[in-house]
Number of protein chains: 4
Amino acid sequence: MMLKDLRIAVLEANLELVKRGLVLYTFGNASGIDRERGLVVIKPSGVDYDELRPEHMVVTDLDGKIVDGDLRPSSDLDTHTLLYREFRSIGAVVHTHSEYATSFAQAGMAIPALGTTHADYFYGAVPVTEPLSDEACAGQYVHETGVAIVKRFREQGIDPMAVPGVLVAGHAPFCWGKNPDDAAHNAVVLEAVARMAYRTLTLKATSEGVSQALLDRHYFRKHGAKATYGQR
Amino acid sequence: MMLKDLRIAVLEANLELVKRGLVLYTFGNASGIDRERGLVVIKPSGVDYDELRPEHMVVTDLDGKIVDGDLRPSSDLDTHTLLYREFRSIGAVVHTHSEYATSFAQAGMAIPALGTTHADYFYGAVPVTEPLSDEACAGQYVHETGVAIVKRFREQGIDPMAVPGVLVAGHAPFCWGKNPDDAAHNAVVLEAVARMAYRTLTLKATSEGVSQALLDRHYFRKHGAKATYGQR
Amino acid sequence: MMLKDLRIAVLEANLELVKRGLVLYTFGNASGIDRERGLVVIKPSGVDYDELRPEHMVVTDLDGKIVDGDLRPSSDLDTHTLLYREFRSIGAVVHTHSEYATSFAQAGMAIPALGTTHADYFYGAVPVTEPLSDEACAGQYVHETGVAIVKRFREQGIDPMAVPGVLVAGHAPFCWGKNPDDAAHNAVVLEAVARMAYRTLTLKATSEGVSQALLDRHYFRKHGAKATYGQR
Amino acid sequence: MMLKDLRIAVLEANLELVKRGLVLYTFGNASGIDRERGLVVIKPSGVDYDELRPEHMVVTDLDGKIVDGDLRPSSDLDTHTLLYREFRSIGAVVHTHSEYATSFAQAGMAIPALGTTHADYFYGAVPVTEPLSDEACAGQYVHETGVAIVKRFREQGIDPMAVPGVLVAGHAPFCWGKNPDDAAHNAVVLEAVARMAYRTLTLKATSEGVSQALLDRHYFRKHGAKATYGQR
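Residues numbered from 1 in each chain as written. Chains lettered and ligands numbered in written order. Predicted model: local features only at pLDDT ≥ 70, side-chain atom pairs only at ≥ 80, totals over all residues. Heavy atoms only, no water.

A. Region of the structure containing the overall build of chain A. For chain A, the count of helices and strands is 8 helices and 7 strands. For 232 residues, the compact-globule formula gives about 17 Å, and the C-alpha radius of gyration of chain A, at 17 Å, lands near that figure. Dimensions of chain A, computed from C-alpha atoms along their principal axes, come out at roughly 50 × 50 × 30 Å. Burial status across chain A gives 62% buried among its 232 residues. (Helix = DSSP H or I, 4+ residues; strand = E, 2+ residues; numbered from the N terminus. Rg over C-alpha atoms; globule rule 2.2 N^0.38 Å. Buried < 20%, exposed > 50% of the residue type's maximum accessible area, 1.4 Å probe, protein only.)

The following block contains the structure:
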């Protein structure tokens, strides 16, 4: 079986989303990339999570052409492949309709950095894309979703590894990471951060974000050469 | 036993509502119809879900006359039968008092199409009926509930298969589908959509719905001749 | 063992509160009364629910004097006994700090009858007491809590069997019923109703209650001589 | 093994946080102190809760110098040790990012004493610190977090055993108690109290706290020489 370890990692990332309550029925999808071979492994479309096996994962090239697999890939494939092409440092992509992050996406609101839980994972606000134009919706819609994501990061000069997630306006979040486990972890934390941001903003609509100094302190405690968190 | 497969399907739809946390105690009810024979299979009234067996399901004709069964049918039977008579394309009806959908019903507010989760299932806002008149409450109340539902769909020219659910003002949602499994699935997704709409609207009271183009894109990705989602 | 069946029923009502997520740690208490003998059976104070056995229940007379039992009774005993003395038709009392009902109590707001879930159980708003005076807090506080409850029902001419629950301002709900199972059931439904009322009011602060006609229709469908719900 | 019983108690306090849903992944940490020996036992940093064993706990002196243990201690160690040095009556410290308490911290809002659930555990509002200055964030940040906590208690003349918890602005709560079990219990109740305060304030933004008389009544029912709650 091609890319056996990556298939298992992608499957486990998908199951982590179920375990953490981020997906309902067959919603959501995770993928991973083998950068050396230029191959993407992604969840098939509309298959029950209970029945998912590593061999069900679909393998495509970076243009989304199926290389291995009998099932139809996730309908969001073209967003995943575009992100892999444009964000060269990422190794996995996760998409969910998790309740609170999706609610911010539906409101067209970025999630501001309101506390250190956020700062531990996202170095600044989690941005929201512009709404897709009618042409984009009617055209290469899934591809255009990726275009809107990349546009937002480029415009605002955001490093996708420092802010490993985005809200697609009127849709839901996409997250990523260095591997499938990391991307799923970021998606779970994004939902937790969105829950807290929702509570904070409904308590006090004018909440400002934390200071840059606090953002720096927490983000760089967990990330980069001087990270001190954990056992490594 | 008459209509054995339909009894099992109706029982399973009822149990799906319990499993997904949509019902408390004996709240809620699901039914299904055998269109060829013109017979409706419905949950009995006030029986614990733990004890429900296929043989407890009550069989009635399209006017609600009991054809088979020792137990009293769901007290909402007359709404179910009216929906079957008026909406000829539906094969099952589900009624719950699920928390968030019911809260919109209590507020007398339709659930606007605020995102693609909604658009994947409901082609436009999930409408709310007018409040029932005092005469309707004091008269053939359960029947009148169905009348109010049908009136709302006719007035607004909504296709019940494109928007497979409604909120009854001051009461709670009814959903439907092509079979009991599909109707229960729609009820579960309606609750998820209502949760997200609640969060979106409490974050930002002025949220507008998604564009018609996005609504079209998502709805027709999952429905109709050109659907591409899933493995079929 | 005195009053064996009532001890078991009271224990089971206490455990139902745990099962339904209404209590944390040792919060909450349920009691029942044997009207013929004038004896009350109540949960002991501060014992873990996991360890509760029928023989731990404390038996008192209607003035709260301990008749049987080695443990100290619930610290809310004097409220229970006062309710039994004043509301002669009730057979059991349940007190919880369930999240949403308690939040209404803390806000000093009655729960209006916003929908049929409410109307199925409570024939009108669930009232809130006045805040206790400083003298009442410093005096026979637990007794005064009961006094405030009874005062509210008498002033507003509410039948305690038609509205089997109340919110004590700044504190939490008390519910009752014809027996411990019924009182616990009412406490669980009150919390569900409070959840929906919270959502409804935060969606739309000006929500009015349902019409008297709808309230009548639902309440009397489940209660009184003409009730049609369920199998009895 | 040094301090075996305290290691077990600290481990169990950490696991109680998981069981009650207060922590996600490796978030959160609990510690305990042996006052006679002047030694602190604290959770290691970034180890999965599933894998935590008593021997993984790290032992330090009151200045945070590691005395026993192969793993790196919790990154919040310096806050714990400062609290032990300044609040001489406390025996354990717990830190979580529990959702609702953290949301108040992010909003920079103290949790007012809105009801008796609060009054049973916290004798007055749970205070929030000032935001940390940029210098504090960039300097001895974890130590400065403790400084901000102690400053708030000293300024407002609050007894840390009467209000066994605090919100660090833009961060999250710290709680404490006479031993690890007690500190974890306080953290769990703080989250429940924060949930109710959130609901109360979003229902009615102008809610005032309970009266001093009610606060006295409930707090001293559970605390101090005249406590009457429970079996001791």
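B. How the structure looks around the relation of the copies chain D and chain A. The two copies are related by a screw motion: chain D maps onto chain A through a turn of 90° and a shift of 0.0 Å along the axis, at an RMSD of 0.0 Å. Here the copies are linked by what is in effect a four-fold axis. Measuring from the rotation axis to each C-alpha of chain D, the shortest distance belongs to D:Thr202, at 5.2 Å. When the interface residues of chain D are mapped onto chain A, a mere 9% of them are again interface residues, pointing to distinct binding faces. (Least-squares fit on C-alpha atoms with pLDDT ≥ 70 in both. Contact = heavy atoms within 4.5 Å.)

C. Highlighting the packing of helix 2 (residues 77-86) of chain A against helix 6 (residues 141-155) of chain A. All names here are of chain A. At a minimum axis separation of 7 Å, helix 2 and helix 6 run at an interaxial angle of 35°. Between helix 2 and helix 6 the crossing geometry is right-handed. Taken together, the residues of helix 6 that come into contact with helix 2 (itself represented by Leu77, Asp78, Thr79, Leu82, Leu83, Arg85 and Glu86) are Val142, His143, Thr145, Gly146, Val147, Ile149, Val150 and Arg154. (Axes fitted to C-alpha atoms, helices over the stretch in contact; angles between N-to-C directions. Left-handed = near helix turned anticlockwise from the far one by under 90°.)

D. Seen up close, the relation of the copies chain D and chain C. You can overlay chain D on chain C at an RMSD of 0.0 Å; the transform is a turn of 90° with a shift of 0.0 Å along its axis. Both copies present different contact surfaces, since only 8% of the interface residues of chain D are interface residues in chain C too.

E. Focus on the interface of chain D and chain A. Tallying the contact residues gives 34 residues for chain D and 37 residues for chain A. Counting the surface lost from both chain D and chain A, the interface buries some 3000 Å², and carbon and sulfur atoms represent 52% of this. Of all residues in chain D, D:Tyr25, D:Arg72 and D:Gln106 bury the most surface against chain A, accounting for 24% of the area lost on that side. A:Arg195 is the salt-bridge partner of D:Glu99, the closest N and O atoms lying 2.8 Å from each other. Where chain D meets chain A, there are 21 residue pairs in polar contact (both at pLDDT 80 or more). (Buried area = accessible area lost by both parts, 1.4 Å probe. Salt bridge = Lys/Arg side-chain N within 4 Å of Asp/Glu carboxyl O. Polar contact = N/O pair within 3.5 Å; in protein donor to acceptor, adjacent residues only side chain to side chain.)

F. Geometry of the sheet that holds strand 5 (residues 92-95) of chain C. All names here are of chain C. Reading across from one edge, 4-3-2-1-5-7-6 is the order of the 7 strands in this open sheet, with antiparallel pairing throughout. In the strand order of this sheet, the two ends are held by strand 4 (66-68) and strand 6 (165-167), each with one partner. Neighbour to neighbour, the strand axes of the sheet diverge by 25° on average, direction disregarded. Sheet topology note: the strand 5/strand 7 (residues 173-177) ladder contains 4 bridges and is antiparallel. Residue pairing in the sheet places His95 in a bridge with Phe174 of strand 7. (Pairing = 2+ DSSP bridges.)

G. The arrangement of the side chain of A:Thr129 in detail. All names here are of chain A. Looking at the element boundaries, Thr129 is found in the loop between helix 4 (116-119) and helix 5 (134-138). Residue classification places Thr129 among the buried residues on the basis of a relative accessible area of 3%. Residues contacting Thr129, with those up to four places away along its chain left out, are Ala148, Ile149, Arg152, Val166, Leu167, Val168 and Ala169.

H. The packing of helix 7 (residues 180-203) of chain A against helix 7 (residues 180-203) of chain B, seen in detail. Two numbers describe how helix 7 of chain A lies on helix 7 of chain B: the axes approach to 10 Å, and their chain directions differ by 40°. Classified by the angle between their axes, helix 7 of chain A and helix 7 of chain B sit oblique to one another. The way helix 7 of chain A lies across helix 7 of chain B gives a crossing that is left-handed. Contacts between helix 7 of chain A and helix 7 of chain B involve A:Tyr198, A:Arg199, A:Leu201 and A:Thr202 from the former and B:Tyr198, B:Arg199, B:Thr202 and B:Leu203 from the latter. (Parallel < 35°, antiparallel > 145°, perpendicular 65-115°, else oblique.)

I. View of the side chain of C:His185. Along the polypeptide, C:His185 turns up in helix 7 (residues 180-203). Judged by relative accessible area, which is 19%, C:His185 ranks as buried.

J. Representation of helix 7 of chain C. Residue and element names in this part refer to chain C. With 24 residues, helix 7 ought to run about 34 Å at 1.5 Å a step, and its terminal C-alpha atoms sit 35 Å apart, in line with that. Within helix 7, 21 of the 24 residues are buried, leaving the element largely enclosed by the surrounding structure. The N-capping residue of helix 7, defined by a side-chain oxygen 3.2 Å from the backbone nitrogen of Asp181, is Asn179. (Expected span 1.5 Å × (residues − 1).)

K. Representation of the packing of aromatic side chains within the structure. Residue and element names in this part refer to chain A. Applying the stated criterion across every chain, the model contains 32 aromatic pairs over all chains. Through pairs of rings, three or more aromatic residues link up here, namely Phe87, Phe153 and Trp176. We note Lys222 situated over the ring of Tyr229; from NZ or CZ to the ring centre the distance is 4.2 Å. (Phe/Tyr/Trp six-rings, centres within 6.5 Å; stacked < 30°, edge-to-face > 60°. Lys NZ or Arg CZ within 6 Å of the ring centre and 35° of its normal.)

L. Broad picture of the pattern of salt bridges. Considering all chains together, one arrives at 43 salt bridges over all chains under this definition. Between B:Arg20 and B:Glu16 there is a salt bridge, with the nearest N and O atoms lying 2.9 Å from each other. Salt-bridge contacts for B:Arg152 lead to B:Glu155; the nearest nitrogen and oxygen are separated by 2.6 Å. Here B:Glu155 and B:Arg152 lie together in helix 6 (residues 141-155), a separation of 3 residues that amounts to about one turn. Classification of B:Arg152 as buried rests on a relative accessible area of 14%. Each of the salt bridges in this network shares a partner with another, and the network as a whole consists of A:Glu130, A:Lys151, A:Arg152 and A:Glu155.

M. Region of interest: the sheet that holds strand 4 (residues 66-68) of chain D. Residue and element names in this part refer to chain D. Overall, antiparallel pairing links the 7 strands, which are arranged 4-3-2-1-5-7-6 in an open sheet. Of all the strands in the sheet, just strand 4 and strand 6 (165-167) have a single pairing partner and so form its edges. The mean inter-strand angle of the sheet, taken between neighbouring strand axes irrespective of direction, is 25°. Direction of pairing for strand 2 (residues 39-42) relative to strand 3 (residues 58-61): antiparallel, over a ladder of 4 bridges. Each residue of the ladder has a partner; that of Val40, found in strand 3, is Thr60.

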